[in-house]
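Observations on the three-dimensional arrangement
Now for the letters of each chain:
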Amino acid sequence: MIHRIFVILVLLLVLPDIYIYRVIAKGQSPYRSWLKWIHWIPTIILSGALLFMMFGDNFTPQRVSFTGLYMIAYLTVVVPKCLFVLVSLVGKLIACSGRIPQLCFIQKCPIDSIFNIIGLLMAVWGAYVILYGSLCGWRRFEVVEVDFVHPQLPAAFDGYRIVQISDFHIGTIARYPEDVRRAVELINAQHPDMVAVT
């Protein structure tokens, strides 16, 4: 499977870094030249791991865990960079269009710099959301009750309880049995007539 999307995954890693280097890092002083290159480190590491997964063995239980951890790291790096680049590009387009006056709150601050700051804030927010959801948010089980009423539903289904649970992956079941046990207890406490795992 990874063979089919390899080029897309690499492009999503590399293209934002090229933009950041060419547009953002070009103004750094020579004393901070190492800062120009530091943003490439995650890309190099993730690209190497991607090559390892592409040419490695087929998926095994250990490999599934590695793939899951890789995807968390990948999304934590790629999504914030892409958010930043998209917002920054919007700022550049607005600044270059000349139709909208520069909305500067700081003197000598072009509008694209304001969009860079907004993009940076969105990137930090994106990284937070991914890390929170991946590391601890998935352990917060929530019961949401929905009453479904439809005129064509037979009377036999009155009071019929369906529990739907989603996103339980092989790695979750194997590595976190206590959380799975807690989820099963929560499901059983609902006294369902049917359980749908999606």
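Along each chain, residues carry numbers from 1 onward, in the same order as the chain's sequence is written. In view of the model being predicted, local features appear only for residues whose pLDDT reaches at least 70, and side-chain atom pairs are presented and counted only at 80 or more, with totals across whole chains, interfaces and linings using the full set of residues. Excluding hydrogens and water, the side-chain values take into account all heavy atoms of the structure.

**Thoughts on the overall build of the protein chain**
The condition that has to hold: A run of DSSP states H or I qualifies as a helix once it reaches four residues; a run of E qualifies as a strand once it reaches two. Both are numbered from the N-terminal end. Burial here depends on accessible area, computed with a 1.4 Å probe over protein chains only, as a share of the maximum for the residue type. Under 20% is buried, over 50% is exposed, and the range in between is partly exposed. Any two residues whose heavy atoms approach within 4.5 Å at even a single point are treated as in contact. The protein chains shown are the only cover counted for residues, whose accessible areas, like all others here, come from Shrake-Rupley with a 1.4 Å probe.
Looking only at helices and strands, the protein chain features 7 helices and 2 strands. Overall, the protein chain shows an N-to-C arrangement of helices and strands of α-α-α-α-α-β-α-α-β. By the burial criterion, 27% of the 198 residues in the protein chain qualify as buried. Restricting the contact set of the protein chain to residue pairs at least 6 apart, pairs at least 24 apart contribute 68%. Summed over its atoms, the accessible surface of the protein chain is roughly 14,300 Å², and 67% of this surface lies on carbon and sulfur atoms.

**Observations concerning the confidence of the model for the protein chain**
Spelled out, the test is: pLDDT measures the predictor's confidence residue by residue and takes values from 0 up to 100.
Model confidence for the protein chain is summarised by a mean pLDDT of 81, while 79% of its residues fall at 70 or above. At the low end of the mean pLDDT range in the protein chain sits helix α6 (residues 170–175), at 65; at the high end sits strand β2 (residues 194–197), at 91. Low confidence marks residues 102–108, where pLDDT is under 50. Its contacts with residues over four positions away, or in another chain, come to 9 contacts.

**A few points about the side chain of S88**
Selection criterion: Nitrogen and oxygen atoms within 3.5 Å of one another constitute a polar contact, given that in protein one can donate a hydrogen and the other can accept it, and given that sequence-neighbouring residues count only through two side-chain atoms.
Along the chain, the position of S88 falls in helix α4 (residues 61–97). We classify S88 as buried; its relative accessible area is 0%. In this structure the side chain of S88 is engaged in a polar contact, spanning 2.5 Å, whose partner is the side chain of Y19. Side-chain polar atoms of S88 contact the side chain of N116, separated by 2.6 Å.

**A word on the pattern of salt bridges**
We apply this condition: For this document, the term salt bridge refers to a Lys or Arg side-chain nitrogen within 4 Å of an Asp or Glu carboxyl oxygen.
Taken as a whole and judged by the stated rule, the model has 3 salt bridges. E178 is the partner of R181 in a salt bridge, and the nearest nitrogen-oxygen pair spans 2.6 Å. With R181 and E178 both in helix α7 (residues 177–188) and 3 residues apart, the pair spans about one turn of that helix. Taking relative accessible area as the criterion, R181 reaches 44% and is therefore assigned partly exposed. Between R182 and D179 there is a salt bridge whose closest N-O contact spans 3.4 Å. Of this pair, R182 and D179 both sit in helix α7, 3 residues apart, which is roughly one turn of the helix. On the accessibility criterion, D179 (13% relative accessible area) is buried.

**What about the packing of aromatic side chains?**
Under the convention used in this document: Think of it this way: a Phe, Tyr or Trp ring, Trp meaning its six-membered ring, pairs with another when their centres are within 6.5 Å, and the plane angle makes it stacked under 30 degrees, edge-to-face over 60, tilted otherwise.
Considering all chains together, one arrives at 3 aromatic pairs under this definition. Geometrically, the ring pair formed by Y128 and Y132 is stacked, given 6.0 Å between the ring centres and 25° between the ring planes. Residue Y128 and its partner Y132 are both found in helix α5 (residues 111–135); the two are separated by 4 residues, about one turn of the helix. Of the residues examined, Y132 reaches a relative accessible area of 31% and is grouped as partly exposed.

**Looking at the pairing of strand β1 (residues 162–165)**
Rules: When DSSP finds at least two bridges between two strands, those strands are taken to pair.
Along β1, the buried face is formed by V163 and I165; none of I162 and Q164, which line the opposite face, is buried. Strand direction decides the pairing type here: β1 and β2, joined by 4 bridges, are parallel. Residue pairing for β2: I165 is matched across the bridge by V197.

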